[in-house]
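Coordinate analysis (summary)
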Amino acid sequence: DIWEDFVCEEAKIWVQFHEHWLNKRVTSKIPVLVVRYEDLIAYRRTSLERIARFVYDTNTLDESVRNKIVTICNLSQQDSGLYTPRSKEQASDSSSGGSDNESDE
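Residues numbered from 1 in each chain as written. Predicted model: local features only at pLDDT ≥ 70, side-chain atom pairs only at ≥ 80, totals over all residues. Heavy atoms only, no water.

What about unusual backbone geometry?
Located in the positive-phi region is Asp57, a residue other than glycine, with phi close to 55°. Its location among the elements puts Asp57 in the loop between α3 (44–56) and α4 (63–74). Classification of Asp57 by relative accessible area gives exposed; the value is 70%. (Helix = DSSP H or I, 4+ residues; strand = E, 2+ residues; numbered from the N terminus. Buried < 20%, exposed > 50% of the residue type's maximum accessible area, 1.4 Å probe, protein only.)

This is the structure in structure tokens:
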């Protein structure tokens, strides 16, 4: 089955990619932070604070950084840029060629 072969090949590539970076974390001085998507969604503020501490290489975040994180966390899911599943109407519009107000770029 072509789909099963495709999925298996992509899974192998995914595993190789992640094993490479996890090994680099151990074998070199390249700093690596593992962030699970599920944690970023479920614990947005804590995850963003953890990422910021890693990026700024600090245990204490500046107040301006903390304020930006709070602002991001207070945004709605749509305004924050998080993935939002399309409605059935949007899906049917895209399958029928899209709406008239879409631009061709």
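Don't stop here, the text continues.
Things to note about α3
Taking 1.5 Å of rise per residue, the 13 residues of α3 would be expected to cover 18 Å, and the 18 Å separating its terminal C-alpha atoms lies within 8% of that figure. At its buried positions, α3 is contacted by α2 (37–42) and α4. After α3 finishes, the residue Asp57 shows a positive phi value of roughly 55°. (Expected span 1.5 Å × (residues − 1). Contact = heavy atoms within 4.5 Å.)

Brief notes about the confidence of the model for the chain
Put simply, the chain has an average pLDDT of 82, and 75% of its residues get 70 or more. The low-confidence segment residues 98–105, where pLDDT is below 50, has 1 contact with residues more than four positions distant or belonging to other chains. (pLDDT = per-residue confidence, 0-100.)

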